[in-house]
Amino acid sequence: MLGFPPVRSPREPRLEPRLRGRLRALADRRRARAVQLPVVDSFLWVVRIAAVVLIAIGAFNSITSGRLDSQQWRDLIVFGVAQGSVYALIALGYTMVYGVLRFINFAHGEVFMIGAITGYFVSDRLARTALWDAQPFVALFLVLVCCMTVSALVALTLERVAYRPLRGAPRLIPFITAIGASFFLQYAVAGLFGVDVKEYPDVKVLNGTLTFLGFRILKVHLLVIVAALVMMIGLQVFVERSRTGRAMRAVAEDQEMARLMGVDVDRTIALVFGIGGAMAGAAGLLFGLVFRNVFFLTGFLPGIKAFTAAVLGGIGNMVGAVLGGLTIGSVESLGPSLVLSGLDIPAAHQLKDVVAFLALVLILIFRPTGILGERVADERGEVAVARRRSAPPAAREGELLPAREVDLGRALRLGLLAGLAAVFVSAIGMVQRFSEREIVGEVSLGTLLLVAIPLVLGYAGGRAPPQIEGFAAARPGRRNLTAGLLVGLGSGAVMTVFVLLIDNFDVRDVFVNISPDLVADENGPQLLTFGNQLPVGILVVLALNLAAGMAAGALHLLPDRWRKAVLAGAIAAAGFGLLQSLIHQLLRGIQEELNVLTAPLIRFLYQSSGALSWQGAAAVGLAGFGIYAVRTRPDRTPFQARLERLPRRRQRVVSLAILAVVALVLGELPQILGPFYSEVLNIAGIFLVMALGLNIVVGFAGMLDLGYVAFFAVGAYTTALITSPTSSLGVGWNFWVAVPFVVLAAAAAGLLVGTPVLRMRGDYLAIVTLGFGEIARLLFLSDWLKPTFGGAQGVTRVPDIVIGPIDVKGPQAFLYVLFALVLLAAYVSYALQDSRIGRAWMAMREDEAVAEAMGVNIVAAKLSAFIMGAILAGLGGALFATKIGSVFPQSFDVVVSITVLVVIIVGGMASVRGVVLGALVLVGLPELLREFEEYRFLLYGALLIFMMLSRPEGFIPSKRRAQELHEEELEQDAWLGAGAPAPTGSGS
Amino acid sequence: MGKPRFRAFALLIPVALVAAACADDDSTTTSGGFEPGELGAVTINSGDPIKIATIESISGDTASLGEDQVRAVRIAMADRDGELLGHEIELQVEDDGCAAEQGTTAAQRVVSDEQIVGVIGTSCSGAAVPAMEILADSGVVMISGSNTSPALTSDLAGEQADDSQPGYFRTAHNDIIQGTAAATFATEELGATKAATIHDGDPYTEGLATAFGRAFEDLGGEVVLATAISKGDTDMRPVLTEVVAAQPDIVFFPIFQPEADFMAQQAKEFPLLANTDKLMGADGLLSDTFIEIPDTEGMYFSGPATPKGAAYDDFVAKYEEENGEAPIQAFHAHAYDATNMLFDSIEKVAVEDDDGTVHIDRQALMDALYAVDGFEGITGSLSCDEFGDCADPAIDVVRNTSEQVTIEDVRANVLFTYKPE
């Protein structure tokens, strides 16, 4: 037996186990009795047979055509095996982590990339010494050690910071965190070391080819293949034979039981990450040796391919990972030449990823748990995993345990973190980029950023831990202040070291964005020391950090309401400063459209440079403070309650008046905003429509779809083909004629994607849908379908929407149409949420087997979710096509899918209002803050990690999900999980 | 307690209604004897600046392409001491990100400011298509220094292209010319009869590879393989195996880095391609980081001819002084000429009142640009045709050999220059 043993859920089920067991049995009987999916099954059989026939015809044609000779076919096999070995090396890391934790470390590809980049820096330096040519293997070994160490460290840090706190949370949450970590690491590397392609030095001993058994093989290729096999066998032996390996298997089987048996679970899991990271580091170096060029995106595609390989082989299975890697590599290399060219498809190699993902889909249809099979059958629902119902800690009736105090050690750690964060934003060039814009008075955004870091973390450090059941509330006092001060001290100290370091050493050779403007240039702006010369500058840095930390800590001394009012004031001032141009336009628009004189207000608030003036900042801050304080005054009756006290007729009048005002505001909004800001709202609105659609699939039905962009593309292309007079159809019909076709095409696409994945769950579903997304983009782009879809040149001349006599031209008019669609999508979401099918979705999300036993038709529920989601995305695509007026395949890459997913998760999954807010903040805001553009993905990544760690339910959660993921409850669980039997021990 | 608030609502409604009713009335402020044409006019009061905009790619992979041109525009402004007709010139810089969506947003920003007279841009043809639709609606002219897609103007045989819009001009060559130049060099100078083309799915590379293929077949050759890779690919060996099997005399791959790096390096492993004299790239690869790769030695490149002459040397000197480095891409000179063409045309059509107010009629400005004939720029003598192609298109084919060290050396190693009749 190879690989990890079956994993049992570390958590108890929510349902009474016996009831659950009975329901399961019932579900099994139902399955056995009826042939469950006759239509679907016959459809899948048709797909299988068609695929086999096409492959056979293509292969026959290619081989008999004599286009390639037998040596070239053999070459292609070798290339495939070599490329596959690279995938296999990365896939081993995915599989190890999955085997133990049942968690896909999506950021593993980035750990690999960091190994490759480390390899570049070390080998580049070594190549300047004599060692490189004299003792190449010694030199390479040194490089290897460095790569493995750095990658292992990164993997360990990731585990500690991003994953460990989430252990036991529903599985979607660490997965999203991993996606965030992946973006963060990519763009952190880009910011620190530059975006350019780095070229490995030549290793002379590895040049040239060897021949055996008629196969010509490059020496580097041989090295990679051997390395993959050695690592696979080594790992297998390690896991099966060694003591640590046994501990790993024990943890995989049952974490709590393993802990009881004396296994250090945390250490074992860390070790798994460390080993996986080290292997990724080695893979990075080998990649560098084979392909010679690496850069910050090097890990992304190979990572996805390796992820695919791990899934293909049966995730959690080591031999499966290698087999999967080799399969993907060979299919990519041989598929286009062997099958596609044989079918007379032009530019076949453009479609190699299509072939790879189609192979994945086909194999998973045949074997839903991969080639070798997973070690376990996935029986759990995805989004909602049962959470432990925790009992309050053992305290006598009516008695409270002592309050949990502010943790000073944590404050110091946060301080160091704040310092590192400040160093990081300086080293990636953010401070410098941001210092070009003045926000308040002469204070630039860069300065504000440097001060904001100790402020925010000082606030976090000075906060008492959340109150949990059975404990007394903590009283504010000196400790809050001290904690804030400690944060300031920590961050000030780290910054000081950094400032001294870059003042004395030139590190631009490696860290390209550490410019002399930060400190070193004495005539420069000296951004880090706020314009002061060095000895004094250090004092200024320290003083400012201490002051910021202390001020933030002191906030906790205020009563809750006043503290929040101060925050509201600060946030209002910051918002008015950041969004200066938007507020300018709003005020100007109000003056022009509503004839309300606002020019004096503008002059009062803003300076001629565009920055908020000091008196403006003070006024806005005071206003924010005041409004919050007034709104939360204790004797205030909520508006709703006051409304209900009124007589019936008055109530109706008031409601109508409110509605009229809202309609009027919405009606005037595009005029007040002007064309540009309307355009920004349009962009956010299109994403919003998509997000509402994806919310149905992921939020309601709990199916993780990473290829949602496919439906968006289908909608856009359908519209373009039907309405553009110059498309391949050339009919040039009206937009409204195209709409039913868009709905039909999107629904068909939803069905097409939904059917093969009916039996797949969780990670399989995620990777297969991601594959479908890429397949769609590549087909629209391909030379093969160019006569239909226009290939790289897309479809242009998509006309505007026409409503009766009105031509919807320009962003302001467009916004009205978009409003209508958004309202429709929101209405559909609300209506579905409480409908029969909506309840079925939610039941399915909680537990599929149980839902089925209760009579939910799973096939209908899944397909209808896919189709509904697809239709909304398709309509979004239709609007996108007419808005841009042209459709290019470049607009539909995987980043769109990820952005939409981030919108719903950050906004609040399954919550319509949350999704609206998410779209405005995540899509609209970056359009307004152009400074952030370069750092967009870095911030997305950081935001995802932060949200998942601190507020996994999103900005505005749905009630149901909030129940599932409550902070206090998590905290309580953590406290219980840490096995603290003596309640008195926690106060210290 | 609630009452005053409701009264406030009630008050708000008529106010808003009145405001909404008033919102649409259009007031035209004309002074003096100036009558604007049907596309409207820009009026610059005395003391106000004349505003122009650039829509260039200044972020992402293609940032250097746009940055190079924005710098050239600034030099053109500085050459006039930042003034035109006694008014200061103000430049608004917008980013097109080399993508259709961002081109749209940038164009919306431009048209939302009615004072903007004209635009220099875009960097990429894909961004120009939607941007120009928006600009054309407002009658704003745009001159690009680096769009090359035939779809924006014409097929050069008198047939208007699908995406051609009034008010669109460019000083860069049409792809058809570069494709023809490269194909002519391959057949006439290298004696090639069989060609393979590889693009990467980018509209620019796909368009150029297609144009090359057409021209090559028109010249009597045969395209034995027209294939493609994807951006992000690293293993080029399978596709190179196909290329080798087709036995071409020339492989034209006008793609970008880093995919081209992999292509050149891995081609070395195939005997047919090992001495690299069958490999040909295009202007996207004419950069220091590409030619310093040892495996690119012997490769040919097609690209716009490097301008020569004192005026250009003068320009480069200013560029270096201002930016601390030599020009970073191939199209700065084109952007410089575009800017000067725009300024000259503005000067030609502007109507000045006695008080220093300047009127620029949009239709007149567009007509003046279409009428440009024999404009002496640093890229040659420019004349605009009825579809907006203004370039004086000279395409060089250059070669990177062991003697050339920097990109300037390679650009100077001209083997062949193509100029259409």
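Residues numbered from 1 in each chain as written. Chains lettered and ligands numbered in written order. Predicted model: local features only at pLDDT ≥ 70, side-chain atom pairs only at ≥ 80, totals over all residues.

1. Examining the overall build of chain B
Okay, so step 1: Per the secondary structure count, chain B includes 13 helices and 18 strands.
Okay, so step 2: Expressed along its principal axes, the backbone C-alpha trace of chain B runs to roughly 85 × 60 × 45 Å.
Okay, so step 3: The buried share of chain B, taken over its 421 residues, is 57%.
Okay, so step 4: Taking contacts inside chain B between residues at least 6 apart in sequence as the whole, the part at least 24 apart equals 72%. (Helix = DSSP H or I, 4+ residues; strand = E, 2+ residues; numbered from the N terminus. Buried ≥ 20, exposed ≤ 12 C-beta atoms within 10 Å, placed from the backbone. Contact = placed C-beta atoms within 7 Å.)

2. Some words on the confidence of the model for chain B
Residues and elements named next belong to chain B.
Okay, so step 1: A residue-level look at chain B finds 92% of positions with pLDDT of 70 or above and a mean pLDDT of 88.
Okay, so step 2: Predicted confidence for residues 1-31 stays below pLDDT 50, and this span has 22 contacts to residues more than four positions away or in other chains.
Okay, so step 3: As a predicted assembly, this complex carries a pTM of 0.88 together with an ipTM value of 0.89. (pLDDT = per-residue confidence, 0-100.)

3. Examining the sheet that holds strand E17 (residues 395-399) of chain B
Residue and element names in this part refer to chain B.
Okay, so step 1: Ordered in space as E9-E8-E10-E11-E12-E17-E18, the seven strands form an open sheet in which the pairing is mixed. The open sheet is flanked by strand E9 (222-228) and strand E18 (414-418), the only strands paired with a single partner. Pairs of neighbouring strands in the sheet enclose a mean axial angle of 20 degrees, with direction left out of account.
Okay, so step 2: Sheet topology note: the E17/E18 ladder contains four bridges and is antiparallel. By the bridge assignment for E18, Val398 is matched with Val414.
Okay, so step 3: The sheet strands contacting helix H6 (residues 203-218) are strand E8 (194-199), E9 and strand E10 (250-252), and the helix crosses E8 at an angle near 170 degrees. (Pairing = 2+ DSSP bridges. Axes fitted to C-alpha atoms, helices over the stretch in contact; angles between N-to-C directions.)

4. Description of the interface of chain A and chain B
Okay, so step 1: Opposite the 56 residues of chain A that make contact, chain B presents 54 residues.
Okay, so step 2: Contributions of two or more residues to the side of chain A that touches chain B are made by helix H3 (70-101), helix H13 (318-340), helix H21 (580-594) and helix H25 (648-700) of chain A.
Okay, so step 3: At 11 residues, the largest contribution of residues to the side of chain A that touches chain B is made by H25(A).
Okay, so step 4: Partitioning the side of chain A that touches chain B into residue classes produces 24 nonpolar, 18 polar and 14 charged. (Nonpolar A, V, L, I, M, F, W, Y, C, P; charged D, E, K, R; others polar.)

5. Examining the confidence of the model for chain A
Residues and elements named next belong to chain A.
Okay, so step 1: On average, residues of chain A score 85 in pLDDT, and 91% of them reach the 70 mark or higher.
Okay, so step 2: Of all secondary-structure elements in chain A, the lowest mean pLDDT belongs to helix H38 (residues 967-977), at 54, while helix H26 (residues 709-723) reaches the highest, 96.
Okay, so step 3: Note on residues 5-14: pLDDT under 50 across the span, and 28 contacts to partners over four residues away in sequence or across chains.

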